[in-house]
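Tertiary structure, described
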Amino acid sequence: MAEDTKDELTSNQMWGGRFASGPAAIMEEINASIDFDKKLYAQDIRGSIAHATMLAHQGIITAEDKDKIVHGLNTILSEIESGRFEFSRRLEDIHMNVEARLADLIGPAAGRLHTARSRNDQVALDFRLWVKEELQRTEIALTSLINAFLDRAEEHAETVMPGFTHLQTAQPVTFGHHCMAYVEMFGRDRQRVRHAIEHLDESPIGAAALAGTGYDIDRHMTAKALGFREPTRNSIDTVSDRDFALEFLAMASITATHLSRLAEEIVIWSTPQFGFVRLSDAFSTGSSIMPQKKNPDAAELVRAKTGRINGSLVALLTVMKGLPLAYSKDMQEDKEQVFDAAESLELALAAMTGMVRDMTIRADRMRAAAGAGYSTATDLADWLVREAGLPFREAHHVTGRAVALAEGKGCDLAELSLAELQAINPAITAGVFDVLTVEASVASRKSYGGTAPSEVRKQIAWWRQRN
Ligand code: ARG
């Protein structure tokens, strides 16, 4: 089939000088990236305007040609934005679609735009600009999520819930403290975003195909015009580097992994068995057959998006693995992974922020669960160390016996009588009952970063100052 269609196609108007005929249809199919890289149109046009302006400033093209080019590019921008632009697969990608249209609009001057530049540095530029803007959007989305958690933490600095290890009741904590754990996680994610912006903030344009150029260009000028800190330093690295895309995906994967843990907790907390939270109608769905159900679909989908985002990271790492320097066409596979992960992450962050803001916290249910499962056993052991002078190991043993006794009687530790406790260890006094409630337990954990409400409030204030 490829043979039949081959001759009908003419050679590519942008690079077809040495080609007698056009590509086989299947070649066009595998080669064209326009279906997805049209997303880069604004960055491509911005980059071309900066490049043309620099070329004129350096006397490489005339001011008159530059004006025509800039005017034509702005026309193309409005054509694309108003949906009037016709993208052609024959022209492969966004760079050649724009340049071909420029030639239609302004004639031969269009051919001067590509002086001292290659699609290799052009695509590196466009994609970097896009990723940089996406990182800036991610930073804002993470800040909203952090703020949602800070508000909930403030509201629930005193609300007691069970803390878990192995998903078994461990020690009582405050819900505010649990919220602040997520603030720390998403705060680190935001730092990763900021570092990623810092790392990519170098302008690739002017590296040309791979070796730089003989024209007297000014890469500092284009870097400045495009809002980069400085130009990249090595032209070979510049056109073969996709670290910025990998860093974006690595950051996205870690953030998505954090989101999936939160999503999983929300799924568990919203079950009738736990009943710690009630999701708003806005972020749940009903069942078409079981009328009593309210499903945490948004949380489940956030949990699932993680698979997709992690998949994109592994896909691009695998594309880049073993590629010789400098540019290879393999690298065209970078964009879909990043676009898809970006869209998934944006959605997941927005949905999670909405869920956290909207969900009802059922403090009574949390309090009841916090007291179950002998969660203050460590407090009893600590009391024996502090007040009765027992070594911790011995206190641990004594406490274990008290737990076994309570378990046998089917009651809480605080419901054992003083006589029963003294039968286990005579050093125990009535003062022990002060530490056996879950409120006393959390209030006592005032160590830096601990769960006491006073400590949680300090951590909230620390974050408020930095947000
Ligand atoms: N569409 C290409 C990409 O996304 C642009 C660069 C093409 N460069 C080349 N030498 N064929 O990577």
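The paragraphs below set out a description of the structure included in this document. (Residues numbered from 1 in each chain as written. Predicted model: local features only at pLDDT ≥ 70, side-chain atom pairs only at ≥ 80, totals over all residues. Heavy atoms only, no water.)

Topic: the site of the ligand
For the record, the criterion: One heavy atom within 4 Å of a molecule or strand is enough for the residue carrying it to be called near that molecule or strand. Counted as a polar contact is a pair of N or O atoms within 3.5 Å, where, for protein atoms, one must be capable of donating a hydrogen and the other of accepting one, and residues adjacent in sequence contribute only when both atoms are in side chains. For the area figures, the Shrake-Rupley method with a 1.4 Å probe applies, and any residue is considered shielded solely by the protein chains shown. A run of DSSP states H or I qualifies as a helix once it reaches four residues; a run of E qualifies as a strand once it reaches two. Both are numbered from the N-terminal end.
Taken together, the residues surrounding the ligand are Ser 33, Asp 37, Asp 93, His 95, Arg 119, Asn 120, Val 123, Tyr 327, Gln 332 and Lys 335. A distance of 2.9 Å is found between a nitrogen atom of the ligand and a side-chain nitrogen or oxygen belonging to Asn 120. A distance of 2.6 Å is found between an oxygen atom of the ligand and a side-chain nitrogen or oxygen belonging to Lys 335. For the ligand, the protein covers 86% of the area, taking 340 Å² as the surface of the free molecule. Tallying contributions element by element places helix α7 (residues 119-155) first for the shell around the ligand, with three residues.

Notes on unusual backbone geometry
A cis geometry characterises the amide bond from Leu 325 onward to Ala 326, with omega recorded as 5°. Secondary-structure assignment places Ala 326 in the loop between α12 (297-320) and α13 (334-358). Notably, His 166 is not glycine yet its phi reads approximately 60°, a positive angle. One non-glycine residue, Leu 167, lies in positive phi territory at about 55°. Structurally, the position occupied by Leu 167 is in the loop between β1 (160-165) and β2 (168-174).

As for the pattern of salt bridges
Selection rule: Salt bridge, as applied in this entry: a Lys or Arg side-chain nitrogen positioned within 4 Å of an Asp or Glu carboxyl oxygen. The cut-offs for exposure are 20% and 50% of the maximum accessible area for each residue type, with area from a 1.4 Å probe on protein chains only; residues under the lower value are buried, those over the upper are exposed, and the others partly exposed.
Enumeration over the complete set of coordinates arrives at 36 salt bridges. Among the salt bridges present, the one from Arg 192 reaches Asp 189, with a minimum N-O distance of 3.0 Å. Of this pair, Arg 192 and Asp 189 both sit in helix α8 (residues 175-200), three residues apart, which is roughly one turn of that helix. With relative accessibility at 28%, the residue Arg 192 sits in the partly exposed group. Given the relative accessible area of 0%, Asp 189 is considered buried. One network of salt bridges, with partners in common, ties together Glu 92, Asp 93, Arg 119 and Lys 329.

Focus: helix α6 (residues 94-106)
Keep this limit in mind: To estimate how far a helix should extend, the number of its residues minus one is multiplied by 1.5 Å. We call two residues contacting when some pair of their heavy atoms lies within 4.5 Å.
The end-to-end C-alpha separation of α6 is 18 Å, in line with the 18 Å expected for 13 residues at 1.5 Å each. Those residues of α6 not exposed but buried are Ile 94, His 95, Met 96, Asn 97, Val 98, Glu 99, Ala 100, Leu 102 and Ile 106. Tucked inside the fold, the buried residues of α6 contact α3 (34-37), α4 (41-57), α5 (63-81) and α7. In the stretch just after α6, Gly 107 is the one whose phi turns positive, near 75°.

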